[in-house]
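The residues making up each chain are set out below.
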Amino acid sequence: MSHFIFVTGGVVSALGKGVTSASLGAILEARGLKVGMMKLDPYLNVDPGTMSPYQHGEVFVTEDGTETDLDLGHYERFVNTTTSKNSNFTAGKVYENVIIKERKGDYLGATVQVIPHVTDEIKENIKNGSKGFDVTIVEIGGTIGDIESLPFLEAIRQMGLEKNGYEVAYVHLTLVPFIKTAAEIKTKPTQHSVKELRSIGIQPDALVCRSEKPLPEEQRKKIALFTNVTEAAVISAHDAQDIYEIPLILREQGLDDIIVNKLNLNVSKPDLRDWETVLQAKNNSNGQVRVAMVGKYVDFRDSYISLSEALRHAGFKTQTDIQIEYVESEEIQKRGAGPLLESMDAILIPGGFGDRGIEGMIDTIQFARENNVPYLGICLGLQAAIIEFARNSLNLSDANSTEFNPATKAPVIALITEWMNTDGSIENRNESSDLGGSMRLGAQECMLSDQSLAKRIYQKDSVFERHRHRYEFNNNFKNDLQDKGLKFSGHSKDGLVEIIELEDHPWFLACQFHPEFTSTPRKGHPLFESFVRASKKI
């Protein structure tokens, strides 16, 4: 059975529990362990699929088609693991399961309560998600002191007592602020956070202290004294120049040794040369590419975190310094594409929902097409490219998606009511279907056409890429668009369009899927690498 490492956070949110958990996972994996990763979110949504990107950042999609928290993206980028529906669950999902069981009579007439029924459900989910791993790192969302996270904390407290064939370690991430006006580092927030945690019955085995600068020895001793941990277990997680330095920073201070000793594991020393290679590549670029990411949610960068990282990974693989300029698509509508994009080396349009800013995206694509600027469209970026081409090359002035204009006379993008999953099962939907979990989700096979840019990039006949969308290209317009020069170079097994290209353009490709979800800093992704190479100026 898997051992468990529970990671909690205190003082404030957004300290980086996800990156810390993923970095610890990377170190333990480098010591020869098979590491599982899991995120528990205390909010009452059943999953994050219907949440605004401004609320919670991007929705990461797993291979099996589960809409999850963005931290699972960190897990897959740092650890050689494939997350699944068992890797992320929310309070909403837990309560839903408990209520379903109560309605079925599974509790044999008992009064259903938070303890033991909700906590037992949480523990069952944790154990199910840990199957097949030597060690499972479980991140608890939220902040110590939040009411909604109490059942999760109680569940992991119980697991620390039960230890039924496994060992448990607790890591607490906290903030040690630097007060500039007083020029002092303050440990009191950390002391109170650990006091709150200990009042619940959890004694942390290690503290990871977020701070602007490395934590001085005096403060480490003080924190250790007041929180009942050893001084060696007070880890300074100071600001790094790059998140991919963090495994090396944590290893240098021996966080993994503390965990390995706590779990009584006999493992080798870590080999982190892969991460040193990533950082060397990042620091030895021989060219620069300025990429305009024209989107709907650019005010909150976490909305596109996997895309931003995928571009950086391509930079590592091609020795290129990637400079991403985030451009609000509504600004294009107001000011025009030229003034905002003429200095860019490449243009990328990411996914999104709703009609806000769509005309700015269409203007952006026209600019890229007519000025031979390398263009990569992701999901909505494909749909907007088809609309632009239909309007300006096929002269269908009313061309649109039924998502944006249900009454359009040229619905080149429309809601598809039936499609085939990878396992051969058929999914159905219509305009009245629930928004949650009703999209085309997860890894689907894409068949690549011969003599296409896509096939030259992937060097394969077919690829599996992850999807998250509700609307598709309308094949009734396919022949007319092909006659005007739009190439359809990727299709699903049941004939849905997956990739489009322009042959008379230096590099113009758009895909319906999300390749960013499978890019990692060590392996990159061929689509992004090709995009960067085509855009690079040495």
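Everything below is about the structure printed above this text.
Residues numbered from 1 in each chain as written. Predicted model: local features only at pLDDT ≥ 70, side-chain atom pairs only at ≥ 80, totals over all residues. Heavy atoms only, no water.

### Overview of unusual backbone geometry
Of all residues except glycine, most have a negative phi; of all peptide bonds, most are trans. Formally: Only runs of H or I of at least four residues qualify as helices and only runs of E of at least two qualify as strands under DSSP, and these elements are numbered from the N terminus. Think of it in three bands: residues with accessible area under 20% of the maximum for their type are buried, residues over 50% are exposed, and the middle band is partly exposed, with areas taken using a 1.4 Å probe on protein chains only.
Here the residue pair I115 and P116 is connected by a cis peptide bond, since its omega of 15° sits within 30 degrees of zero. Along the chain, P116 turns up in helix α5 (residues 114–129). Notably, N264 is not glycine yet its phi reads approximately 55°, a positive angle. Of note in this structure, N372 is not a glycine but carries a positive phi near 55°. For N372, the location among the structural elements is in the loop between α15 (358–370) and β15 (375–378). Assessed through its relative accessible area of 41%, N372 is described here as partly exposed.

### Description of the side chain of T119
Spelled out, the test is: Contacts described as polar in this section are N or O atom pairs within 3.5 Å, which, within protein, must combine one atom able to donate a hydrogen with one able to accept it, while residues neighboring in sequence count only if both atoms come from side chains. By definition in these notes, contact holds between two residues if any of their heavy atoms fall within 4.5 Å.
With respect to the helices, strands and loops of the structure, T119 is situated in helix α5. A relative accessible area of 0% places T119 in the buried class. Reaching out from T119, the side chain makes a polar contact with the backbone oxygen of P116 at a distance of 3.1 Å. Residue contacts for T119: discarding those within four places in its chain leaves V114, P151, E154, A155 and Q158.

### Quick notes on the sheet that holds strand β11 (residues 234–238)
Hydrogen bonds between backbone atoms are what pair the strands of a sheet, whose relative direction is either parallel or antiparallel. Stated formally: In this scheme, strands are said to pair when DSSP sees at least two bridges between them. Structural elements are reduced to axes, namely lines fitted to C-alpha atoms, with helices fitted over the stretch in contact, and the angle between N-to-C directions of any two is expressed from 0 to 180 degrees.
A sheet is described by the order of its strands in space; here 7 strands give the open sequence β5-β2-β6-β1-β7-β10-β11, paired in parallel fashion. Among the strands making up the open sheet, the edge pair consists of β5 (88–90) and β11. Each neighbouring strand pair of the sheet contributes to a mean axis angle of 20°, computed without reference to strand direction. By the bridge criterion, 6 bridges tie strand β2 (residues 35–41) to strand β6 (residues 135–140) in an arrangement that is parallel. Across the sheet, residue M38 finds its bridge partner in β6, namely V138.

### Topic: the environment of L382
As for its placement among the helices and strands, L382 is situated in helix α16 (residues 380–392). Separated by 129 residues in the primary sequence, L382 and C511 place their C-alpha atoms 5.6 Å from one another. Among residues more than four places away in sequence, those in contact with L382 are G377, E498, I499, I500, A510, C511 and Q512.

### Considering the packing of α15 against α16
Rules: Reported orientations rely on four angle classes, namely roughly parallel under 35 degrees, roughly antiparallel over 145, roughly perpendicular from 65 to 115, and oblique for the rest. Three residue categories are used. Nonpolar comprises Ala, Val, Leu, Ile, Met, Phe, Trp, Tyr, Cys and Pro, charged comprises Asp, Glu, Lys and Arg, and polar comprises the others, including Gly.
Between α15 and α16, the least distance of the axes is 9 Å, while the angle of their chain directions is 70°. Of the possible angle classes, the one that applies to α15 and α16 is roughly perpendicular. In contact with I358, E359, M361, I362, I365, Q366 and R369 of α15, α16 contributes L380, G381, A384, A385, I387, E388, F389, R391 and N392. Partitioning the contact of α15 with α16 into residue classes produces 9 nonpolar, 3 polar and 4 charged.

### Side note on the sheet that holds strand β12 (residues 288–295)
Reading across the sheet, the 9 strands line up as β13-β12-β14-β15-β25-β24-β23-β20-β21 and stay open at both edges, with mixed pairing between neighbours. The two strands at the open ends of the sheet, each matched to only one other strand, are β13 (321–328) and β21 (462–469). The average undirected angle you get between the axes of adjacent strands in this sheet is 25°. As paired strands, strand β14 (residues 346–349) and β15 are joined by 3 bridges and run parallel to one another. Bridge assignment links I347 to a residue of β15, and that residue is Y375. In the packing of helix α12 (residues 305–318) onto the sheet, the strands contacted are β12, β13, β14 and β15, and the crossing angle to β13 comes to about 155°.

### Describing the environment of N88
Within the secondary structure, N88 sits in strand β5. Between the alpha carbons of N88 and I185 there is a distance of 35 Å; along the sequence they are 97 residues apart. Once residues lying within four places of it in the same chain are set aside, the contact partners of N88 are K39, D41, P48, T68, D69 and L72. A polar contact of 2.9 Å, which involves the side chain of N88, links it to the backbone oxygen of K39.

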